[in-house]
Amino acid sequence: MGFYQQLFRLDGKVAIVTGAAGILGSEFCKALCNSGAVVIGIDIQEKPLNELVNELSNHYGDHRIYGFVCDITQQGKIKKTIYEIIKQFSKVDILLNNAVARPADFNSACFLEYSLTTWREVMSVNIDGMFMMAQAVGKHMLDNRQGVILQTSSIYSLLAPDHRIYSGGEYAGKAMGTPAVYTTSKAGVIGLTKHLATLWAEHGIRVNALCPGGVASGQNKKFNEKYSSRVPMGRMAKKTEIAGPMLFLVSDAASYITGQVFYVDGGLSTW
Ligand SMILES: NC(=O)c1ccc[n+]([C@@H]2O[C@H](COP(=O)([O-])OP(=O)(O)OC[C@H]3O[C@@H](n4cnc5c(N)ncnc54)[C@H](O)[C@@H]3O)[C@@H](O)[C@H]2O)c1
């Protein structure tokens, strides 16, 4: 294999993906397996995680993907899980800090009536969980003096949602919307990313943020059309179009990139 082909490969790398059972997390696991990494999927939902592990094991063979059920809001559980992972795999090369919470009442109230309990529930995953995962895995990366952390943020770290496009929008039969807690948490991801990037750069650890635009994953036609009309490329993203840039950022092809915020949004943030 030539030098430049090798730069994009992940053979022999151990990669953790949080929120592995979700829409993007499962595609990230697939892309990492396909690029040669050994993948450790972490999720709070056991059933879809096991289904993903079975599906990818059938496709890529045994010893390519492992599932660990863990609630990333619980520091003790994170420590125990990372301890088990290090014991079993000796190292972690890549951390995709990707999990998000979408509790049942995520979208159910307007800002003035939004409950503090729901706000904290979302923050406890999107920010606290991300912090605790970076802390637990970062410790081992610092010991090894190498590692890559990629944190999933969103276009809604830079942009406010255009609230007008959500009326009539539905996902899985429920009204759509993006509450302030999501926008706030995703902006926080950028702060944590830049902080860690400068803190750990001299220790061989790269930290970047990936900001996807809206991914087509079953939203109704009305929402898809309204959203797409605001995007220079005129459409929502496919999951594979987010996974491709993810692979680049965690690979050695991006070895001089740290502290950066990558928008993968069909040009939406450009105008
Ligand atoms: N899907 C999109 O259109 C889109 C757009 C922009 C950004 N993003 C970002 O991409 C990332 C993935 O989004 P998604 O759409 O795949 O989300 P998703 O809701 O499909 O998946 C999130 C996963 O996180 C898991 N999770 C929730 N709480 C957890 C906890 N306490 N411990 C462990 N796991 C937990 C869930 O079980 C779920 O499998 C998120 O950071 C999101 O903000 C997604």
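Up top you'll find the structure we're talking about.
Asks: How do you make sense of the overall build of the protein when you look at a structure like this?
Replies: Across its full length, the protein carries 8 helices and 9 strands. Computed over the C-alpha atoms, the radius of gyration of the protein is 18 Å, within 12% of the 18 Å expected from 2.2 N^0.38 for a compact globule of 271 residues. Here the protein holds 271 residues, and the buried ones make up 41% of them. Considering only contacts in the protein between residues 6 or more positions apart, those separated by 24 or more positions represent 75%.

Asks: Help me out: how do you make sense of the packing of helix α4 (residues 75-89) against helix α5 (residues 116-144) in this one?
Replies: Each pair of packed helices gets described by two things: the angle between the helix axes and the distance between those axes. With their axes 10 Å apart at the nearest point, α4 and α5 run at an angle of 30° to one another. As judged from the angle between their axes, α4 and α5 are roughly parallel. Viewed along their axes, α4 and α5 form a crossing whose handedness is right-handed. Listed contacts from α5 to Gln75, Ile78, Lys79, Ile82 and Ile86 of α4 are Met132, Met133, Ala136, Val137 and His140. Grouping the constituent residues of the contact of α4 with α5 by class yields 7 nonpolar, 2 polar and 1 charged.

Asks: Please explain the environment of tyrosine 171 as it appears in this structure.
Replies: Topologically, tyrosine 171 is positioned in strand β6 (residues 170-171). Tyrosine 171 sits in the partly exposed class, given 15 other C-beta atoms within 10 Å. A sequence separation of 30 residues divides tyrosine 171 from alanine 201, and the C-alpha atoms of the two residues are 40 Å apart. Not counting residues within four places of it along the chain, the set of residues in contact with tyrosine 171 comprises Met176, Gly218 and Gln219.

Asks: What is the right way to look at the site of the ligand in this model?
Replies: Looking at the ligand, there are 26 residues lining it, with Gly19, Gly22, Ile23, Leu24 and Val215 nearest. Within the residue set of the shell around the ligand, elements represented by two or more residues are α2 (23-34) and α5. Counting residues per element, the shell around the ligand draws most heavily on α2, at 3 residues. In terms of residue class, the shell around the ligand is made up of 11 nonpolar, 12 polar and 3 charged.

Asks: So what exactly am I meant to see when it comes to the sheet that holds strand β9 (residues 261-264) here?
Replies: What links the strands of a sheet is backbone hydrogen bonding, and the strands pair in either a parallel or an antiparallel sense. With parallel pairing, 7 strands are arranged side by side in an open sheet as β3-β2-β1-β4-β5-β8-β9. This sheet does not close on itself; its edge strands, each paired only once, are β3 (65-69) and β9. Across the sheet, the mean angle from the axis of one strand to that of its neighbour is 20°, orientation sign disregarded. Taken together, the 3 bridges between strand β1 (residues 14-18) and strand β4 (residues 94-97) define a ladder with parallel strand orientation. In the sheet register, valine 17 faces β4, and the bridge partner there is leucine 96. Here helix α3 (residues 46-60) sits on the sheet in contact with β2 (38-43) and β3, set at roughly 170° to β3.

Asks: What am I meant to see in the pairing of β2 here?
Replies: Among the 6 residues in β2, 5 count as buried, and that is most of the element. Viewed along the sheet, the connection from β1 through α2 into β2 turns out right-handed. Across 5 bridges, the pairing between β2 and β3 is parallel. Counted as the bridge partner of glycine 41 is glycine 67 from β3. Handedness of the β-α-β unit built from β2, α3 and β3 comes out right-handed.

Asks: How do you make sense of the nonpolar core when you look at a structure like this?
Replies: Counting residues in each nonpolar core, the largest one holds 74 residues, and the members touching the most others are Ala15, Ile16, Cys29 and Met246. The element that contributes the greatest number of residues to this core is α5, accounting for 9 residues. Contacts of isoleucine 16, omitting those with residues within four sequence positions, involve Ile40, Ile42, Ile85, Val92, Ile94, Leu95, Leu96 and Val137.

Asks: I keep staring at unusual backbone geometry and nothing clicks. Help me out?
Replies: Peptide bonds are, in most cases, trans, and in most cases residues other than glycine have a negative phi. Notably, serine 90 is not glycine yet its phi reads approximately 70°, a positive angle. For serine 90, a count of 10 C-beta atoms within 10 Å translates into the label exposed.

Asks: What is the right way to read the environment of serine 154 from this model?
Replies: Topologically, serine 154 is positioned in the loop between β5 (147-152) and β6. Taking C-alpha positions, serine 154 is 9.2 Å from tyrosine 182, a pair spaced 28 residues apart along the chain. Aside from chain neighbours lying at most four places away, what touches serine 154 is Lys186, Cys211 and Pro212.

Parameters at a glance
Counting restarts for each chain: residues are numbered from 1 in the order of the written sequence. Per-residue local features of the predicted model are confined to residues with pLDDT of at least 70, and side-chain atom pairs are confined, for both listing and counting, to 80 or more; whole-chain, interface and lining totals are unaffected and use all residues. Strands are runs of DSSP state E lasting at least 2 residues, helices are runs of H or I lasting at least 4, and numbering of each runs from the N terminus. Using C-alpha atoms as the atom set, the radius of gyration is obtained and then compared with a globule rule of 2.2 Å times the number of residues to the power 0.38. Buried residues are those with 20 or more other C-beta atoms within 10 Å of their own C-beta, exposed residues have 12 or fewer, and partly exposed residues lie in between; C-beta atoms are placed from the backbone. A residue pair is marked as a contact if its C-beta atoms, positioned from the backbone, fall within 7 Å. Axes here refer to lines fitted to C-alpha atoms; in helices the fit is confined to the stretch in contact. Angles between the N-to-C directions go from 0 to 180 degrees. For classification, angles of less than 35 degrees are called roughly parallel, those exceeding 145 degrees roughly antiparallel, those between 65 and 115 degrees roughly perpendicular, and all remaining angles oblique. By the definition used in this description, the sense in which the near helix is turned from the far one sets the handedness, with an anticlockwise turn below a right angle giving left-handed and a clockwise turn giving right-handed. By the convention adopted, Pro, Cys, Tyr, Trp, Phe, Met, Ile, Leu, Val and Ala count as nonpolar, Lys, Arg, Asp and Glu as charged, and the other residues, Gly among them, as polar. Nearness here is judged by the C-beta atom: place it from the backbone, and if it falls within 6 Å of a molecule or strand, the residue counts as near that partner. Pairs of strands are assigned from DSSP output, requiring at least two bridges between the strands. Note on handedness: a clockwise path from strand one over the helix to strand two, with the strands aimed away from the viewer, defines a right-handed crossover. One nonpolar core equals one set of buried Ala, Val, Leu, Ile, Met, Phe, Trp, Tyr and Cys residues connected by C-beta atoms within 7 Å.

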